Amino acid sequence: MASDTLDRRIGAVVEPVVRLHDLVLEAVEVRSVGKRRLVRVVLDLADGPGSLGSDLLGEASRAISAALDERDVIPGAYTLEVTTPGVDRPLTSPRHFRRAEGRLVTARRTAAAIADGAARSVTGRVVGADETGVTLRVDGSDAVVPYSTIENAVVEVELRRLEED
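Predicted model only: the values in this text are computed from it and were never measured.

Parameters at a glance
Residues numbered from 1 in each chain as written. Predicted model: local features only at pLDDT ≥ 70, side-chain atom pairs only at ≥ 80, totals over all residues. Heavy atoms only, no water. Pairing = 2+ DSSP bridges. Helix = DSSP H or I, 4+ residues; strand = E, 2+ residues; numbered from the N terminus. Axes fitted to C-alpha atoms, helices over the stretch in contact; angles between N-to-C directions.

Asker: Looking at this structure, how should I read the sheet that holds strand S4 (residues 104–109)?
Answerer: Two pairing modes exist for strands in a sheet, parallel and antiparallel, and in both the strands are linked by backbone hydrogen bonds. Across the sheet, five strands lie side by side as S7-S6-S5-S4-S8; this open sheet has antiparallel pairing. On the outer flanks of this sheet lie strand S7 (141–146) and strand S8 (150–155), each paired with one strand and no other. Strand-to-strand twist across the sheet, computed as the mean angle between neighbouring axes with direction ignored, equals 45°. Both S4 and S8 contribute to a ladder of five bridges, which runs antiparallel. Residue threonine 106 lies in a different strand from S8, and its bridge partner there is valine 154.

See the structure below:
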């Protein structure tokens, strides 16, 4: 059984369980670790800023484990790891940018945007995001950056709390 097929089968079992917890299934990854399989399920909040707390993550993890055991989707022994995307995940959808509201983000622009005169990258605090672009506060002014001009974007790790701004 190909891993991508197993990933899809696991995702089909996990997705409804995740939705019941008002979460989003970001990814399912299956890889071999010795004689066992590691099944990594990545979850996130559905929308808006905030963080996925350990209590909710634990509840979802237990429900996912029960669903996988009940459906017997994974042949043989496996280890289930349920986690969140982490701060280093690339921002690739409007939902990711909405989840980063209030955070400092660096967006690298596409070659076409640079050719049109845009700077190679822009760093600013996310103040809004819709289906077409993200609004970043840069040096006290708001700049709308269309998603079509973003090559990649990441949240910048800040060593001081946002409340100190």
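Text resumes after the structure shown.
Asker: Mind showing me how you'd approach unusual backbone geometry here?
Answerer: For residues that are not glycine, phi is negative in most cases, and the peptide bond is trans in most cases. Not every positive phi belongs to a glycine, and aspartate 72 is a case in point at roughly 50°. Its location among the elements puts aspartate 72 in the loop between helix H2 (54–71) and strand S3 (78–83). The phi dihedral of aspartate 139 falls on the positive side, at around 50°, and the residue is not glycine. Summarising the element assignment, aspartate 139 is placed in the loop between strand S6 (133–138) and S7.

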